[in-house]
Every structure is written in structure tokens, then in C-alpha cells.
Amino acid sequence: MARITDDELDDIRSRNPIADVAGGYTKLRRAGGRLVGACPICGGRASSQRFEIKGENFVCAVCGDGGDVIRLVEKVEGCDFRAAIERLGGRTAIDAARAKELFEERERKRLAREKTSADYREAERKRLFRTWKSALPIHDTVAARYLEGRGLVLPEHCLGLRFLPTMSYWHGEMIDERGRKAPRQIYAGPAMCGAFIRPDGKFGGLHLTWLNVVTSPDDVTAPAPVKAEILDPDSGEVLNAKKMRGSKTGAYIAIVMHDAPRRLVIGEGIETVLSVWTAMHQAGRDLDDMAFWAAGDLGNLAGRANKTINHPTLKRPNGQPQKVPDRFPDLEDAGLSIPDCAEELILLGDGDSEKVLTEYAMERAARRYAREGRVIRIAFAPSGLDFNDLLKAAAA
């Protein structure tokens, strides 16, 4: 088959809007300017927002995969590039008028991306950094009481977590007084926030957990705060009380910072990592040479996979095998920046996540971060449990 030209590829994409194609694989719903749902590649709950479509591309926070409509078909159908194109209707003849139209559209989009993407990301990063700077130290706050209610102890110097007395929760869109679409605030309340540190050492974004409003934060006899229940005002759906904003790819939240750690513990969530630190601290372990990081999600912890493969048992609604990222890393994706001084790396796998997906992600991370002389250990919580469940069970 002759080489496929850029014009032919653009024509295929324009004839196959990614939202329409993805909608044939999974149920999507609108959240702000995005369409979100369960990932048709690696699965997930129907209420998941980890797979999203924005513009002409998709991304999944679990797979770490993303791309255009052709890439989506390749991954979901388990076919190669040429086969994906055929399933999208194949090539059609491009006359001079259509070629000119496609070129002009391509240039318009390129210029728009160059003008807005980098500027927007940097402006968003600066806005989030101002929010982070305005936050309070986490000790002796509602956020600290929330963690204490889960049996967690805060390190004395926990610089990666802070507390916001009030933070807006944006969901969906509204029409402003000028008749323009604008983000819609549906909730505001106290929130725990974690700072993502990029590979270059700079602030990258925020991990936010909204907490229930307590009548008297100073009343130590009041029940411990829990995650806020936030409802979609249109559908009544319970929304995720956690959000990540800014750039998290390759970044981490420092639960315990160390300039040159000899041992490094990395898990997906803040509470998971803090549970392990609490258990070690209460057991009297020597933690002076250790750092503890939260990656935010499984895809960020493990990095992108080399390919996707069939899940051994799970099926998609059409009866075909569910695709999952395999255990081998795509080495073009650097993943997290593990310090060279880290001689021992401990990866935490929750037992309440999908078993095969989590095991493959842990092995992929171990392969990605392997270095001569470095010991890598994978610690899994028992099936159906996470590390915070274990901590609370031990305390009981």
C-alpha cells in the first residue's frame, strides 16, 4: 500500500469525529469542555472520569495512553495502523480543492495550538501556584483531622500537603452575562491540597480533595471530617471529591521530602503512601534516609506501556476481550524522575483496584525504573483492601 499522505490522514480524522467513534466503545458524558467515561482500552467503572476526550484527542490516566481517533481504534480493536484506517472508512481521493481546504485547516489549528497551549498551561500553572501559596500548613486543620480520622499520622515536616479553608469546585459550563460559555462553580468548601513537583523540580499542579464542612473546626469531640459529597445539580450524580489540575505527568507529591533519599516509597494515592509511612513510623523504623511520594494515579506511577494486550478474563460489552496496558514500558516515556541515589525503590499496589491492570502497572514501573545496583520491591495490599484498610484493621 502506498504511503498515506497528511491530507488523507486529516480527511480520515475529519470524517470520523473522535467523540462519535469513542461513543461506540464506551458511554461518555460531558464534564466541562471534556467528554469523560470508562476507558474502552483498559476498562474501569462507568462513572470513571479517567478516560477523557478533549478536542480531537483522547487520554486515559490509567493507561497513560492517548492520541487521535486512529490511535484509539488501534488500541481498542487490537489492530495495526493500516487496519485502523480501513475500519474508519479507508482513504478517499483528495482533489486540489479539498487538499487546499485541509491544508488551511491544518495551519489554522497549528497556529492556534502554538498560540494557546503553552501560554494556557503556564497561566494555569501560575494560577494554581498562587492558590498553593495561599494555602495553610496542614497541621492542626480540618485536613489534618480528616487524615487522623483514617488512622493516619502526619510527618512533622509534611511540606507537600496543605489546607485551603475554601476552594471552588468547577463542573460543567454556564452562560455568563455576556452570553459566553464559562466554567460553572457548583460547590465550594475546605480542601486538602497536594503540590505536584515536576521533573525539573518546579511546581506543576495541584491534587485537591474536598472535605465536608464541619460546624466547629475547633471542636475536637466532633466526628472526623470525611470527603465531601458533591452532586451534579443536573443529574444528581455523585461526583468525585478529588481532582487533579495542572500538569501531573512525570510529577509527584512529596509526602516526605528528602534531598538525596537512599530508599524511596511510591504509591498511587496520598492516603496509601501516608498509611505506609504511618505504619513504619509507629513501628519505630529508621526513616531518616527515606522519601515517600504519591504519583496521583496508576498511569503516572507506571508510565506509558509499550502496547496493550487482551485481558485474560474481562470482556467489553460487544464480547471482545478488554484491552489493558501490558507489563513492558514504552521507554520513550521517562515516567517519574527517580533520583540516582535511590538504592531501593518500594512500589505500592492497592488490592482494591483491578488485579491484572494493577499488577501489570507495578511490573511496568519496576522495569522502567530498574538500574544496576538498585533493588526494586513491589508491595501489594491483600485483595479487596488498600493500605489504609490494613492500617485501620491493625489499629482496631
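The coordinates are above.
Owing to its 3.6 residues per turn, the α-helix aligns residues three or four sequence positions apart on the same side. The end-to-end C-alpha separation of helix α7 (residues 270-282) is 18 Å, in line with the 18 Å expected for 13 residues at 1.5 Å each. Of all 13 residues that make up α7, 10 are buried, and the element is covered over most of its length. Every buried residue of α7 is listed here: Ile270, Glu271, Thr272, Val273, Leu274, Ser275, Val276, Trp277, Thr278 and Met280. Residue Gly284 follows α7 closely and has a positive phi angle near 80 degrees.

Once that is clear, we can look at the packing of aromatic side chains. All chains considered together, the criterion is met by 4 aromatic pairs. For the pair Tyr169 and Trp210, a centre-to-centre distance of 4.8 Å together with 70 degrees between the ring planes defines the contact as edge-to-face. You can see Tyr169 sitting in strand β7 (residues 161-175) and its partner Trp210 sitting in strand β9 (residues 203-210), a full 41 residues away along the chain. For the pair formed by Tyr169 and Trp210, the shared burial category is buried.

What follows concerns the pairing of strand β13 (residues 252-256). Of all the 5 residues making up β13, 5 are buried; the element is thus mostly covered by neighbouring parts of the structure. Bridge count for β13 against strand β15 (residues 290-294) is 3 bridges, and the pairing is antiparallel. Bridge assignment links Ile253 to a residue of β15, and that residue is Ala294.

If you walk across this open sheet you meet the 5 strands as β1-β2-β3-β4-β5, and the pairing is antiparallel. In this open sheet, the two strands that pair with only one neighbour each are β1 (28-31) and β5 (66-67). Bridging between strand β3 (residues 51-54) and strand β4 (residues 57-60) involves 4 bridges; their strand directions are antiparallel. Its bridge partner lying in β4, Ile53 is registered against Phe58.

Soluble, globular proteins show a tendency: their nonpolar side chains are buried together. Counting residues in each nonpolar core, the largest one holds 51 residues, and the members touching the most others are Phe51, Leu72, Leu264, Ile266, Ile338 and Leu347. In terms of residues, this core owes the most to one element, helix α9 (residues 355-369), which gives 8 residues. Setting aside residues up to four positions removed in sequence, Ile338 forms contacts with Leu264, Ile266, Trp293, Leu345, Tyr369 and Arg374. Within the second largest apolar cluster, 34 residues are counted, among which are Leu161, Met192, Val273 and Leu287.

This part takes up the environment of Pro321. Along the polypeptide, Pro321 turns up in strand β17 (residues 321-325). Discounting chain neighbours no more than four positions away, the residues touching Pro321 are Asn310, Leu314, Lys315 and Arg316.

With that settled, the discussion passes to the pattern of salt bridges. Within this structure, the stated rule accounts for 27 salt bridges. Here Arg71 and Asp65 are joined by a salt bridge, their closest N and O atoms 3.0 Å apart. Relative accessible area serves as the criterion here: at 4%, Asp65 is assigned to the buried category. A network of salt bridges, in which partner residues are shared, links Asp11, Arg15, Arg98 and Glu101.

Quick look at α9 now. Taking 1.5 Å of rise per residue, the 15 residues of α9 would be expected to cover 21 Å, and the 21 Å separating its terminal C-alpha atoms lies within 8% of that figure. Most of α9 sits inside the fold, with 11 of its 15 residues counted as buried. Taken as a whole, α9 has its buried residues at Val356, Leu357, Thr358, Tyr360, Ala361, Met362, Arg364, Ala365, Ala366, Arg368 and Tyr369. Where α9 is buried, its residues touch α8 (298-302), β16 (308-315), β17, β18 (344-349) and β19 (375-380). The N-capping residue of α9, defined by a side-chain oxygen 3.1 Å from the backbone nitrogen of Val356, is Glu354.

Criteria and cut-off values
Residues numbered from 1 in each chain as written. Predicted model: local features only at pLDDT ≥ 70, side-chain atom pairs only at ≥ 80, totals over all residues. Heavy atoms only, no water. Helix = DSSP H or I, 4+ residues; strand = E, 2+ residues; numbered from the N terminus. Expected span 1.5 Å × (residues − 1). Buried < 20%, exposed > 50% of the residue type's maximum accessible area, 1.4 Å probe, protein only. Phe/Tyr/Trp six-rings, centres within 6.5 Å; stacked < 30°, edge-to-face > 60°. Pairing = 2+ DSSP bridges. Core = buried A, V, L, I, M, F, W, Y, C linked by side-chain atoms within 4.5 Å. Contact = heavy atoms within 4.5 Å. Salt bridge = Lys/Arg side-chain N within 4 Å of Asp/Glu carboxyl O. Polar contact = N/O pair within 3.5 Å; in protein donor to acceptor, adjacent residues only side chain to side chain.

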